[in-house]
Amino acid sequence: MATFYAMEHPEQVAGLLLVDPSHQDQVREMPQPPAWQRALLTQLTRTAPIGLPRLVFGGSSDPVKTQTKHVRTFGAEIRGAMRSAERRAGTPVDLGDTPVYVLTRGDPTAGPMASEAANRERWEIWRRLHAHLVEASTSAVRRHIVVEGAGHYIHYD
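Residues numbered from 1 in each chain as written. Predicted model: local features only at pLDDT ≥ 70, side-chain atom pairs only at ≥ 80, totals over all residues. Heavy atoms only, no water.

Looking now at the sheet that holds strand 1 (residues 16–19). Across the sheet, which stays open at both edges, the 3 strands sit in the order 1-2-3 with parallel pairing between neighbours. Two strands in the sheet have a free side with no partner beyond their single neighbour: strand 1 and strand 3 (142–147). Across the sheet, the mean angle from the axis of one strand to that of its neighbour is 10°, orientation sign disregarded. Pairing analysis gives 4 bridges linking strand 1 to strand 2 (residues 100–105), with the strands arranged parallel. In the strand pairing of strand 2, valine 19 is matched with leucine 103. With respect to the sheet, helix 6 (residues 116–135) is in contact with strand 1, strand 2 and strand 3, its orientation differing from that of strand 2 by roughly 175°. (Pairing = 2+ DSSP bridges. Helix = DSSP H or I, 4+ residues; strand = E, 2+ residues; numbered from the N terminus. Axes fitted to C-alpha atoms, helices over the stretch in contact; angles between N-to-C directions. Contact = heavy atoms within 4.5 Å.)

Judged by side-chain polarity, Leu17, Val19, Tyr101 and Val141 come together as a nonpolar surface patch covering roughly 350 Å² of accessible area. Counting through the fold element by element, valine 19 comes out in strand 1. (Patch = residues over 30% accessible without salt bridge, like charges linked within 9 Å, V, L, I, M, F, W, Y side chains within 5 Å. Areas by Shrake-Rupley, 256 points an atom, 1.4 Å probe, with all protein chains shown as cover. Salt bridge = Lys/Arg side-chain N within 4 Å of Asp/Glu carboxyl O.)

At aspartate 20, a position not held by glycine, the phi torsion is positive, near 45°. Among the structural elements, aspartate 20 can be located in the loop between strand 1 and helix 2 (26–29).

This part takes up the packing of aromatic side chains. Taken as a whole, this structure holds 1 aromatic pair when the rule is applied. The aromatic ring of phenylalanine 4 is capped on one face by arginine 88, whose charged end is 4.2 Å from the ring centroid. (Phe/Tyr/Trp six-rings, centres within 6.5 Å; stacked < 30°, edge-to-face > 60°. Lys NZ or Arg CZ within 6 Å of the ring centre and 35° of its normal.)

Turning to helix 3 (residues 35–47), a few remarks are in order. Across its 13 residues, helix 3 extends 18 Å between first and last C-alpha, which sits within 8% of the 18 Å expected from 1.5 Å per residue. Every buried residue of helix 3 is listed here: Leu44, Thr45 and Thr47. (Expected span 1.5 Å × (residues − 1). Buried < 20%, exposed > 50% of the residue type's maximum accessible area, 1.4 Å probe, protein only.)

Let's shift gears to the pairing of strand 2. Burial runs high along strand 2: 5 of the 6 residues are buried. Pairing of strand 2 with strand 3, which is carried by 6 bridges, proceeds in the parallel orientation. Note that in strand 3 the partner of leucine 103 across the bridge is isoleucine 145. Between strand 2 and its parallel partner strand 3, the chain crosses via helix 6, and the hand of that crossover is right-handed. (Right-handed = clockwise from strand over helix to strand, strands pointing away.)

So, in structure tokens, the structure goes:
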């Protein structure tokens, strides 16, 4: 996580621009997707070489999602982020006077949960965790921006 790198090596960090970032307490505080979705991600990663992701994401307008390399990398990234979050859960974030900008997706209904209400609940927690990252800095240059209409892939939206 970039925030922990900034805490451990402040002399190497001029500022942080965090784009819909993970947070060390997200696993502990946010409702998690159902077990079947987590199992599906595991199976997609394992079956990428034989083409299961192409069947699941075949209607996607993003051809990258069906590539074996993408599916395996995505799975590894999610597992790594979750392990990192679990190790760092509850660790206080103190960014000193490091300038911080945090961009949060503005679409509260998008997400992995089965209902719009459950996704909205997760989003409220997500937004609060992002605000916490901004508050961890004492810099006069810090801002939390909710990018209206954007999903998790803010750079696309």
